[in-house]
Every structure is written in C-alpha cells, then in structure tokens.
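Observations on the three-dimensional arrangement
For reference, the chains in residue letters:
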There are 4 protein chains.
Amino acid sequence: MLHVGIVGASGYTGVELARILAGHPEIRLTVATSRQYAGKPLAEVFPNLRKRVDLCCENLTVDELIGRADFFFTAVPHKTAMDIVPRLLDAGKKVVDLSADYRIHDPAVYEAWYQEHTSPQLLGEAVYGLPELYRDQIRNARLTANPGCYPTSVILALTPLLRRGLIDPATLIIDSKSGTSGAGRAANVGTLFCEVADGFKPYKVGGSHRHIPEIEQELSLAAGAPVTISFTPHLLPISRGILSTMYASLTAQGNSVDLQEMYETLYADEPFVRVLPAGTPPSTQHVRGSNCCDLALQKDERTGRLIVMSAIDNIVKGASGQAVQNMNLMNGFPESTGLMGAPFFP
Amino acid sequence: MLHVGIVGASGYTGVELARILAGHPEIRLTVATSRQYAGKPLAEVFPNLRKRVDLCCENLTVDELIGRADFFFTAVPHKTAMDIVPRLLDAGKKVVDLSADYRIHDPAVYEAWYQEHTSPQLLGEAVYGLPELYRDQIRNARLTANPGCYPTSVILALTPLLRRGLIDPATLIIDSKSGTSGAGRAANVGTLFCEVADGFKPYKVGGSHRHIPEIEQELSLAAGAPVTISFTPHLLPISRGILSTMYASLTAQGNSVDLQEMYETLYADEPFVRVLPAGTPPSTQHVRGSNCCDLALQKDERTGRLIVMSAIDNIVKGASGQAVQNMNLMNGFPESTGLMGAPFFP
Amino acid sequence: MLHVGIVGASGYTGVELARILAGHPEIRLTVATSRQYAGKPLAEVFPNLRKRVDLCCENLTVDELIGRADFFFTAVPHKTAMDIVPRLLDAGKKVVDLSADYRIHDPAVYEAWYQEHTSPQLLGEAVYGLPELYRDQIRNARLTANPGCYPTSVILALTPLLRRGLIDPATLIIDSKSGTSGAGRAANVGTLFCEVADGFKPYKVGGSHRHIPEIEQELSLAAGAPVTISFTPHLLPISRGILSTMYASLTAQGNSVDLQEMYETLYADEPFVRVLPAGTPPSTQHVRGSNCCDLALQKDERTGRLIVMSAIDNIVKGASGQAVQNMNLMNGFPESTGLMGAPFFP
Amino acid sequence: MLHVGIVGASGYTGVELARILAGHPEIRLTVATSRQYAGKPLAEVFPNLRKRVDLCCENLTVDELIGRADFFFTAVPHKTAMDIVPRLLDAGKKVVDLSADYRIHDPAVYEAWYQEHTSPQLLGEAVYGLPELYRDQIRNARLTANPGCYPTSVILALTPLLRRGLIDPATLIIDSKSGTSGAGRAANVGTLFCEVADGFKPYKVGGSHRHIPEIEQELSLAAGAPVTISFTPHLLPISRGILSTMYASLTAQGNSVDLQEMYETLYADEPFVRVLPAGTPPSTQHVRGSNCCDLALQKDERTGRLIVMSAIDNIVKGASGQAVQNMNLMNGFPESTGLMGAPFFP
C-alpha cells in the first residue's frame, strides 16, 4: 500500500483527487492539507465524500508532511508549489505537481509569464506529465509536472499532425471553451452562479492566457520548430469539461494522408484517448467524470483547412485523473488503475 | 462470471446500467436489446461508453434472449415488462425488473393506477427491491421489483419513523423534486432543453402520480395501518437527482426520542445510506453519479413538525444502481460490488 | 418628470431597478449610489445597461443624496436601511425601502428576528407594499416597505383563502424554491456556479428563515388570528424565479366553494396576477423577467387538502418590479407603467 | 394602427414576435397561425403570454390570411415560406420573411445549399434585412428577408473591416456558439434537456452549415471580392444567445488604423450595436432578451491576428427583434419602436 498525501485538498482538484483515490486499490490516502479547513473532516468540506473518505484536513509544515506519506500530490497555486516541492523531493518523496511551476522547461519563459523561479534547477528534471507522450520518462521521474487542462486538450489533439508536418503551424488557431470548475473554488463575483449561468463569454483574449507558453512548448517540440498560436479561452456555463476547436491549413503532405485512419491507429491502444468515427464531433457530455480525451478530425474541403476537436473533463484528464495516471506510472502500477470508470451520461 | 442481459438498453436507465456493469468484476454484459437501435453498437448510441462497452444493440424475441444470459435487467416501460418477465422466469432466469409492473402487491391497486395485470400470480412472489428493507428476501428472490425513484427517496427516509409510531401518518406531506432524466429519453416538447432550463414547476399535482400507490404500500407496511399521503412532484432543471422534503407532526413518542441518534445508529452500517449531521440539509450535488441516499432530519419547534429530507441520484439509487445492488444480493456477490464509487462533485 | 434615486445600485435588485426605470416614461433616474463602484459608470458594472443607462455610481452621504432626487429606492441590506430612510423622509422625500426594516409592524417581532430597531416610530406609518392588498394605503404613503420575495409568492396565493376561512391555518405547510439571485451578489463560495449548478437543496430548515415573521404577519391579518407556518426554502439552479407549493386542509366551508372561480373573479382585473386554468401548474419559466405572479389551485380529493402554487420572478415581482409598482402608486402614475412587458420565454 | 399577422406562431420565433409586438404601440396583432395548435389561445400554447396576448391560433389558407392583416411575418420553415410569400405580396401585403428563402441573391447558390427555388424572380427584389447595412433599401421594400442568427452576429462584426481592406479575407475563421433555442421547438432527442445540459459540442463541422452561403454573400459584398470562410457552429447549454469569435490576419492597412476608435465612431448612433471598451469581451448574458449586438475587438500582437467578438440574443436581434426593426422601417415607424428594452441581467 502506497501512502499518499494531497497538499491543498480544499479546491476542486483536491476533492477530485480524493474521490478518485478513494477507489484506488493500491494506495492509501494518509494525509490531506488545507489551511482554511484545518481540523475539519474532508467529508464535511465536501459532503460527496462522506462514508468514502475518512480523513481530517490538517495544516502542516513541510517537515510534518514528510513523515505522513511516501507520495504527494501538490494541488496548490503556482508559486506556492515552488516552496514545497523541492523539499519533498529532498526528503526522498515522489511528487506530481498540479501547478504550473514545473511545466515550462525554460526558466526565462516561465519568468516571462509567471514570476521568478526559485528552483530552476528542477526544470530540467521535471517530466511533463502527459503519459501518452512521455510515458517512459514519467515511469522514472521523481517529479512530474501535471499538464494544464487546456494544454492537455490541445496537445493530445495536435501532436500527431505537427510531428509529421501535416499542418502548417503558422496557421494554428485554437478556440477553447472550459467549464467553470477551471476557475477554482475561491469566492469571486465573476464565478457566482448568476454571473455564469445561461451565459457564455471569452476571456483573456489576444494571447494573454498563461497556458499559452505551455502549449507552445509542447507543440514546438512536436513540430521541431517554434510554434506561435492564437489561443482564445471561453467560459462555459457547465461545471466540468473543456472542448477545444482547432484550425490549421493542411500541408501538401497533410492532404495526401488518411488522417482519420492515422489517428485511429496511433491511439488504438490508449485506454483514455478515443478517436471518434469520421463525422462525429466530440461532446463534453460524453467524457464527464472520466479520464477520457475524445478526438475528432474534419477536413473543410472548401478552405483546405483541417478542424481538430477534442473534449476532456477538465478536472479529470485535465487535472486530477491525469495526476493519478502519472502516479500509477511512477509507482509501477498498471497505468489505468482506478481510472477506468466510464463517463457518466446524462 | 455471471452473464447478464439488459432488455431495453436505449433509455437513460439502460445506459446507466451499462456504465455501472462495465466496472463490475463479477459479471459480463452479454446482450443488450433495443428495437430502435438494433444493429448499432451501444457505444454509438451512447458515446460515453466508447472503449468501455463493446456490444451491439439487438432486437430479439424472448426465446432468443433466453440463451444469451443468465440474469436479466428489464428496463422497459410498464406493461411491456409483463410480456417479458414471466417468460424469462419460466426459462429459469432471475430478473430485476425496473418497471412498475411487479412493485404493487395488490393487483386491484395495480389495476386502479395502471391497467389490467396479465401475471398477477407473480405479485405475491416478487420482492420489493429496496435492499435496506428487504435484503434477506431479495437474496432468495427470482424476481425483484426495482423501486421507483421517488419511492426510494421517500421510503428510506420515513420507514424508521412510521415503524416506531414517531410521526402521525395522517399529517404526511411529501414535496419531491426530480431531475429531468426521470422523464426518459423519448422525443417530447415538454422535456426539450428550452422548456426545462432555467425553469421549475410542479406536475401531476393533487394525488395523481403513479408512484403514490407504491409509496403508500410501503409506508402502510411500516406504519402497520393504511397511510394516505399528499405527494407533489416537481421538475428540476438538472439531469440527475431527486430531493424530497417531507413534513409530518411528531407524536408524543416522537417528541421524546433523539431522532438524529436513532437514524445514525440505524443506518450506520449501510454502505449507501448516509445520515447527515444535525443541521446539514442534503443536496442532490453530493450524491450525483453514486448509489448513495443522503438523509437529514430537522425538527421545527415552532410547529411541532418534523422535516425529513432525502437526496438520491434518480438513475443510480433511484434506478440502475439499486438494480445492480439487487443483482448482487440475488447472486451472492458482496452487496456493494461495483457501486462504491463516490459521488462526483462538482 | 419625477427625479428618482437608487441607494445601493450594485446588487441584483439595483441593476433590475435600473433596467426597469430605463423604460419608464414618467421618471428620470438621477442618482445611483454604490460605495464599492463609486466613480464607475453603472453600465460598466452591469454591461447589460450600456446605451440604456447613462449614470455613474457615486458614494454619497444622505445629505448629498437629498438634493439629487425626489423619490428614492433604498436597495441596501437591512440595518443599513434604518440609517438612511428616516433622514430621507425627514427631508420630505418619499421612499420605497426594499430591505426588511419596515415590513414588520411589531418592533418586538422585528427585534426577535433581526436586531434592535432604531426608528420604531416609523413601523406604524410604513405601508406593507403589496399593491394587490394595500393599494389605497400605498397611494398615500411616504414610506412603503417593499415585501420580501418569498412573502410575495405566499401572501398573494393564500390571503383569499384565509380571509374567508376556507383553509385551516394550523395545517399550513409552505415549501418554497428560489433562484440563486435571491442570495445576492456578494462573493461567496456557497453561491459559486459550481456549488449551485446541476444541484438542489433546502436551507434554513425548521423555522429559521427571516421571511417567516413577515409571512405570518400578513397571513395572520388575513385570517384574523395568529397563524404559524412551516416554511422551508430551497435553492434552485436558476437565476430568477420563486415557486411556492403550499398545502393546507380545507375547511367545510372551503369544500363547498368553487375556489377556481373565486380566484379567477378576485384577480380578474389585476394586471400582474394571473390565475391559471384548472389543472395547469405554474412555472417560473412563464413569469421570467416580468412583474407577473401566476397562481394555481388543486384539490387533492384523496387527502382533503388543497395545494396552492405560485410563481414569480423573485427580482421583479419579488423585488424591483413591485418596488416600481409601489412608486407608481405613490406618485399617481398608472400602476402598471413601465411594467407591462410580457415574460420572456424561452 | 397597423394590422399585423404572424404566420407560424408556434415556434420560438413566433412566441418572441408575439411578446415584442404585445408592447408595440403602433400595431395590432390581428392573426396568428399554427396548424398544430389551431383553435387554442396562443397564451395557452405559451403561458408567458397570458393577459398580454389575446388571440387564438388559426389554421388558415393564404386567401383567408390576406383579409386579416396588412403586414405579415412569415415564421415558417424554408420552402414553406416560398409557398406563401409570393401570394401575400401579390395581394399587396408587405412581408418580413424569417426563413432562408429570400436571403440569397443568386438562385444557383440557393439551390446548391437548399432546394429548387419556386419564386426566383423575387430574389432580386427582396432586401437583406440587416438594418445597419441596408436601412434605406428596407424602408422601401415590400419583402425583407430577415437574416439568419449566425449571419447577423458575423456580418455586423466583420463588414467594417472587409469594406476597408483591413483584414485578409482568406484567413477568416469563424467559431460560433449558439443557444439551443436556435434548434427550434420540434420534439427531438438531440435537443432534450438531458442531451444538452451541462454539455457542449460542435456540429455541422467542416463547411456544411446552411448559414455559410448567406454569410459569404454579405462578406463578399463588403470585401468587393469572393470570400470563403471556415465556419464552425457549436451548441451551448443556454436557451438564448450567440457568441461568435472571429479570427483574421490584419493587413498592413489594418495594422495602421485605430480599429477600436473606428468601430466606436461607426456604430455610435446605432441604437442596437454597442462597441465595448477595449479589453472587454462580450457576453451573451449582457444582451439577453434585447435587440442589442455587442462587439469587441482585440489584437493579438504575438500573431498579428485580430480577434473580433460579437454577442446577440439569437431570437431577438438574431430573429424576431430584427424582424420588428425591419417592420418599423418598412412602415415609417421610428426604427427602435418597441425594441428599446434593456437586456435583463442576471
């Protein structure tokens, strides 16, 4: 039994980690921290967990944490993660960090989009935790940087095309839509029910969302050359789900390949990536509550563009589910342990 | 491996049965019928099931069905169930019937609320499938009549009170609210998104909903005398969930008992019934996607009334989850097999 | 042109007042206060008002306010209203107060449910602003206490029955459900989108909601004797709307009257009360965005109880629309001026 | 008083026409047709209209219709419109047609996307009913072809740029999202509440949506050369609202102009077009229930692209509100009569 801790359990990724781990046969959740709710049962903060998770929130120092588990999920805001992760590693623990702090390989890029990095030496070591791309490295990692939700939905969809030169990266436009859980659980007028329900809007338009450098890093690695994207996030009046609609011009090469067949073959053995039949767009409804990523491709003959679409549950494959998938790999468990539940519909 | 069939797989209870059974370690889903979608993969009808359920819908006669599984869920409308269930039993199969056809013990009552009963001889044998009340009988049943969604939410909440004479049954008022999946998947103007979203309304007001005789049967058995209820269902703009708010005057006896403690003790060992701490009302959000039933009690000192509240997911504990719980009992599997997943939040 | 001010314009009742007043031909909105947004155009705080309301939020003392309008809506929290209203009246202004501070006639009752009252001398003068009951008194009032949202939905529904002794007040149970705008616009985890969407729950169960004394005051006046109610509010995952389902035993008298006809006759000339045909329950969808209150009656022959149902838009008839209706009466404008817009559907 | 008729009153555009016309001071709604609901009061079909619209649905021949009104809205499906409109015109009536039948100037294009056109002679005469572009022609029209909902949201946003050569039309990508009322009121599994709520998905991907030729016609006219677009519609889990996010590369010219100022100036006097301040994206919540179209522009300096965003209420500015705006122009009423209501929020 691996003893596992959640640092920062009171957000939506925290409760989802606890939910998934409650059904995981190889681990025991031994500690969950929350400054705000210290002393309260986690199942009182999140009543869905009653009779399923029996643990109190604690407010612990890193030193105290170390003795309480062998493996940690850090589900705290960026910058806070940098204060904790290096010390957990120093104590010999393995970590999946759900913040942005270790996703960007280049410290200068990190600092341009976030702030000063206090443990840049770890950026070379941390593995970008997208198992479908970096499975082998994750198996051997001490520190896995769990991808952002938007980046997961985009990178799984576009990497095969960029690696093979099938689309022109200069034409890439990514129009993404996310459920409101992505905005977190902080009290905030902008995410009140009445401000979101029955509405829809873009935000951080024009190249300012902090997931851009992360997406560009991975797409550039796939393309073998720097890629700059147009990326527009939107806020959906749903709790869970991201759908990304991506546009690019096909290259001559791209026009000569059966892309549908290529994707079906490539992802055939992946338990969590589902390539939909031609002509079937994905829906966030069909991945809800699961670790699945649904992909679809559609050529627009009138314009010579390819439209690639992907759907994930932003707090499962886009956060906590993927984090458990990474934990499985890092500890030699079968990769899909605890994660094979089918999406729930309706 | 028990071979299991779903008769009527194309509705919301059908897809939920398939979802739950896909994660059940003791059974194999070997057949799923649907006239409308015959020949189509079930995962094409319900794309949430892709890569999790690999089965085509079939249009089969009862004779054909018999050879295809050992255990059947009949998830067809009432009246249709009567045409199928007796023949499955005659062939030596066990059945959980999700329709109303075998829930009412008294054929005259059934016929007053529904229509002629064509196999009244089975009404005496069929067990009312509420495991928390009839666990032992279900273990030995050939035919279990899976309870209705509203009745489940009401009977689990009120039985302990009525059995002990703690409330006055003549004062019972039940105000229930259900998510829209309860209305089924038939094309219907009344359940279009635009007719339900951002709205709320009662329906079948004044004693006309067909779950009334079922509720009254079980409450009368608990009370040891005929109980007549006021029951008003309402339609909620959510997909899953029932919340029932129940009112009754406390008897002298009821006023002298610590009801909170009594409920906590009674339901302590039930894996799916969760008695909430005093002062904590239930929410459909906290049971979503799970087989849980959350209960809460609140005395109104000003009026001497007790308010009992319950929340379930209407297509899990109110239908398909409870059906699997019954299947587990009827086949000697641990009762909670495949059903222990925590609710999804948010 | 009456010059009108809104004190406390940054909440949901404030923006709705501004929206309604923007289309009112007899008045000019000359001042809107908000401490938080002082200096900002109201149309920047609430972009729905762009090109329709051209006014900046201001942070003003009461002395400054006095010179800026002839008529005031105070849309501030209770207790704050008591600090402002008496001084506006002293300066010769007329006021509709949307808080609870002047709704309760008996200072002892107010103080039992709220806190000390600092201007109890006004409680005798203030008129309870339900025009369908107190039209004549409102016409002559300096101070109208705008009713609460739940009370409006209940009192319009039950008063005709209680006045005539047609139901037994001791059996009254009121199960109400409100949209989330009723919880206001303060940043609050409990009303975040993800905490409300796709969910439903009761709150303040067991006789603790502060609208109870207000409802009981008016029902007692109607009945001519003290009435004590069971009242349970619930939170709906919709922005606007209250639906109340009310239960009571019919008296012998009540059983002998054609209640449907009585209601149709009574409310025939009311522009905002719509008695629905027998067998047609109300829906919040059909009153949304309007000042309408829809009523329906249904007898339950099995139990001898009457079920009365009402639906309003909680921020129109339950707050800002009714406030404008009161303003119209207090200033000699036709009562329905600016308020005759039909509800939006879908 | 202009006597006005609605042909096809039982859909969502029909009820919205009736709602708007109920508050219009210059007209009287004298006839409303519906085959399905013939004989029923319109306010029974749509209870929001009770006490506001007093008219029965009728099933009338065109000959019968002619005597009943002077002006007609045809709110029937395309193809059906072609059977009715020419005969209304022959009888000397004026018509706003809400179908697609008279929007496309080139019969060959119409026939490629729809079916044979039976009154192609009218295509040259019909005016495309976007008042902000064709106000003068509409004033003199007998027949106005009311624009589609998606086209309205796109054309108002892009025309100023294309007319001035500020963007490269070959790079135009339009990602649009629509509320579910756009799918109409027919009983249909795909638009049931449970199939839409808490979900999001694209549809008709890859250049197949029938609004494409209409958008391209108007954008080509603006650009002075043929424009081919990538257009992807998506289904939002809201009732009302369209938000379009549009991407194009700026030309050298486009890079040298202050686009924000240009838009503010251009649309300054339009009552229904609101150019939002720089950095403020539009939201469907802020136009709901109104005839407004909100526009915003954002340059992405990293890619040299311009992002243009627009929000409308699809059944007001995208259908019935714009139809009334056209009626006003065609009859010499002030253009905004009956349409100045502010959007409702929340």
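Chains are numbered independently. Their residues run from 1 in the order of the written sequence. Here chains are named by letter from A upward and ligands by number from 1 upward, in the order in which they appear as written. Reporting in this predicted model follows two pLDDT cut-offs: at least 70 for local features of residues, and 80 or more for side-chain atom pairs to be given and counted; totals over whole chains, interfaces and linings ignore these cut-offs and use all residues.

Points about the overall build of chain A
Of regular secondary structure, chain A possesses twelve helices and 14 strands. In terms of its C-alpha atoms, chain A occupies a principal-axis envelope of roughly 60 × 45 × 35 Å. Counting over 346 residues, chain A shows a buried share of 60%. Residue pairs qualify as contacts under a 7 Å threshold applied to their C-beta atoms, which are placed from the backbone. Pairs at least 24 residues apart make up 70% of the contacts formed inside chain A by residues separated by at least 6 positions. Under the scheme used here, helices are H or I runs from DSSP no shorter than 4 residues and strands are E runs no shorter than 2 residues, and both carry numbers assigned from the N terminus. Partly exposed residues are those whose C-beta has more than 12 but fewer than 20 other C-beta atoms within 10 Å; 20 or more makes a residue buried and 12 or fewer makes it exposed, with C-beta atoms placed from the backbone.

Details of the sheet that holds strand S10 (residues 230–235) of chain C
All names here are of chain C. Strands were regarded as paired on the criterion that DSSP finds at least two bridges between them. Spatially, the seven strands line up as an open sheet ordered S9-S10-S8-S11-S14-S13-S12, and their pairing is mixed. Only two strands of the sheet have a single partner each, and these edge strands are strand S9 (201–202) and strand S12 (273–275). In this structure, S12 lies alongside strand S13 (residues 293–300), joined through three bridges in parallel fashion. Its bridge partner being in S13, Arg274 is matched across the sheet by Asp294.

Let's talk about the pairing of S10(C)
Residue and element names in this part refer to chain C. Of all six residues that make up S10, six are buried, and the element is covered over most of its length. Because side chains alternate across S10, one face comprises the buried residues Ser230, Thr232 and His234, and the other comprises Phe231, Pro233 and Leu235, equally buried. Direction of pairing for strand S8 (residues 173–178) relative to S10: parallel, over a ladder of six bridges. Residue Ile174 lies in a different strand from S10, and its bridge partner there is Phe231. Examined bridge by bridge, S9 and S10 share two bridges and lie antiparallel to one another. Across the sheet, the residue bridging to Pro202 is His234, located in S10.

As for the relation of the copies chain A and chain D
Overlaying chain A on chain D yields an RMSD of 0.0 Å, the required transformation being a rotation through 180° with an accompanying axial translation of 0.0 Å. Viewed as a symmetry operation, the transformation between the two copies matches a two-fold axis. Of all interface residues in chain A, 100% are interface residues in chain D too; the two copies therefore contact each other through one and the same surface. Copies are brought into register by a least-squares superposition over C-alpha atoms of residues with pLDDT of at least 70 in both.

Topic: the interface of chain A and chain D
If you look at the interface, chain A gives 40 residues, while chain D gives 40 residues. Residue assignment for the side of chain A that touches chain D shows that the elements contributing at least two residues are strand S8 (173–178), helix H8 (193–196), strand S9 (201–202), strand S10 (230–235), strand S11 (242–249), strand S13 (293–300) and strand S14 (305–312) of chain A. Residues are grouped as follows: nonpolar covers Ala, Val, Leu, Ile, Met, Phe, Trp, Tyr, Cys and Pro; charged covers Asp, Glu, Lys and Arg; every other residue, Gly included, is treated as polar. Grouping the constituent residues of the side of chain A that touches chain D by class yields 16 nonpolar, 14 polar and ten charged.

Concerning the relation of the copies chain C and chain D
Superposition record for chain C on chain D: RMSD 0.0 Å, screw rotation 180°, translation along axis 0.0 Å. Comparing interface residues between copies, 100% of those in chain C also sit at the interface in chain D, which points to an isologous, same-surface contact.

Brief notes about the packing of helix H6 (residues 131–139) of chain A against helix H12 (residues 316–330) of chain A
All names here are of chain A. In this analysis, axes come from line fits to C-alpha atoms, helices being fitted only over the stretch in contact, and the angle between any two N-to-C directions falls in the range 0 to 180 degrees. Packing of H6 against H12 leaves a shortest axis separation of 9 Å and a crossing angle of 35°. The crossing of H6 and H12 is right-handed. Every residue of H12 that contacts H6 at Pro131, Arg135, Ile138 and Arg139 is listed here: Gln325, Asn326, Leu329 and Met330. Of the residues assigned to the contact of H6 with H12, the class counts are four nonpolar, two polar and two charged. Should the near helix be turned anticlockwise from the far one by less than a right angle, the crossing is termed left-handed; should it be turned clockwise, right-handed.

Quick look at the environment of His117(A)
Mapping His117(A) onto the fold places it in the loop between helix H5 (107–113) and strand S6 (127–128). Once the C-alpha coordinates of His117(A) and Asn188(A) are considered, the two residues, 71 residues apart in sequence, prove to be 28 Å apart.

Focus on the pairing of strand S11 (residues 242–249) of chain C
All names here are of chain C. Among the eight residues in S11, seven count as buried, and that is most of the element. In terms of strand pairing, S11 meets strand S14 (residues 305–312) through eight bridges, oriented antiparallel. Bridge pairing in S14 places Ser249 opposite Arg305.

Considering the sheet that holds strand S10 (residues 230–235) of chain D
Residues and elements named next belong to chain D. Read from one edge of the open sheet, seven strands run S9-S10-S8-S11-S14-S13-S12, paired in mixed fashion. At either margin of the open sheet sits one strand with a lone partner, and together these are strand S9 (201–202) and strand S12 (273–275). Bridge count for strand S13 (residues 293–300) against strand S14 (residues 305–312) is eight bridges, and the pairing is antiparallel. By the bridge assignment for S14, Lys299 is matched with Leu306.

Notes on the packing of helix H1 (residues 12–22) of chain C against helix H12 (residues 316–330) of chain C
All names here are of chain C. Running from N to C, H1 and H12 point in directions that differ by 45°, and their axes come no closer than 9 Å. One way to sum up the angle between H1 and H12 is to call them oblique. Relative to H12, H1 is oriented so that their crossing is right-handed. Contacts from Thr13, Glu16, Leu17, Ile20 and Leu21 of H1 reach H12 at Val316, Ala319, Ser320, Gly321, Ala323 and Val324. Roughly parallel refers to an angle under 35 degrees, roughly antiparallel to one over 145, roughly perpendicular to one between 65 and 115, and oblique to any angle outside these ranges.

Structural notes on the interface of chain C and chain D
Between chain C and chain D, the contact holds 25 residues from the first and 25 residues from the second. For the side of chain C that touches chain D, the element with the highest residue contribution is H1(C), accounting for four residues. A breakdown of the residues in the side of chain C that touches chain D according to their chemical character gives twelve nonpolar, seven polar and six charged.

Some thoughts on the domain arrangement of chain A
When the parts come together, some accessible area is lost, and that loss is often what is quoted as the size of the interface. Residues and elements named next belong to chain A. Here the domain parsing of chain A yields domain 1 (2–125) and domain 2 (150–314). The start and end points of each domain follow an automatic or database-based domain assignment. One C-alpha centre belongs to domain 1, the other to domain 2; they are set 27 Å apart. Taken together, the contact pairs nine residues of domain 1 with seven residues of domain 2. Taken together, the residues of the side of domain 1 that touches domain 2 break down into six nonpolar, two polar and one charged.

Considerations on the environment of Tyr134(B)
All names here are of chain B. Tracing the backbone shows Tyr134 in helix H6 (residues 131–139). Owing to 18 C-beta atoms within 10 Å, Tyr134 belongs among the partly exposed residues under this scheme. What Tyr134 contacts, discounting residues up to four positions off in sequence, is Val127 and Tyr128.

Quick look at the nonpolar core
In plain words, the nonpolar core is the set of buried Ala, Val, Leu, Ile, Met, Phe, Trp, Tyr and Cys residues that C-beta atoms within 7 Å link up. Among the nonpolar cores identified, the biggest contains 443 residues, and Ala18(A), Ala18(B), Ala18(C) and Ala18(D) are the most heavily contacted of them. The residues touching Ala18(A), leaving out its near neighbours within four places in the chain, are Ile6(A), Ala9(A), Leu29(A), Ala32(A), Leu42(A), Leu49(A) and Val53(A).

A closer look at the environment of Arg185(B)
Looking at where Arg185(B) falls in the secondary structure, it is placed in the loop between strand S8 (173–178) and helix H8 (193–196). Assessed through the 19 C-beta atoms surrounding it within 10 Å, Arg185(B) is described here as partly exposed. Considering only alpha carbons, one finds Arg185(B) and Gly11(B), 174 residues apart in sequence, at a separation of 5.7 Å. Once you skip the residues sitting within four places of it in the chain, Arg185(B) turns out to touch Gly11(B), Tyr12(B), Val189(D) and Leu192(D).

A closer look at unusual backbone geometry
Look at the link from Phe345(A) to Pro346(A): it is a cis peptide, with omega at 0°. In this model, Asp198(A) sits at a positive phi of 55°, which is unusual for a non-glycine residue. Note on Asp198(A): 24 C-beta atoms within 10 Å, which makes it buried. One non-glycine residue, Lys51(C), adopts positive backbone phi at about 60°.

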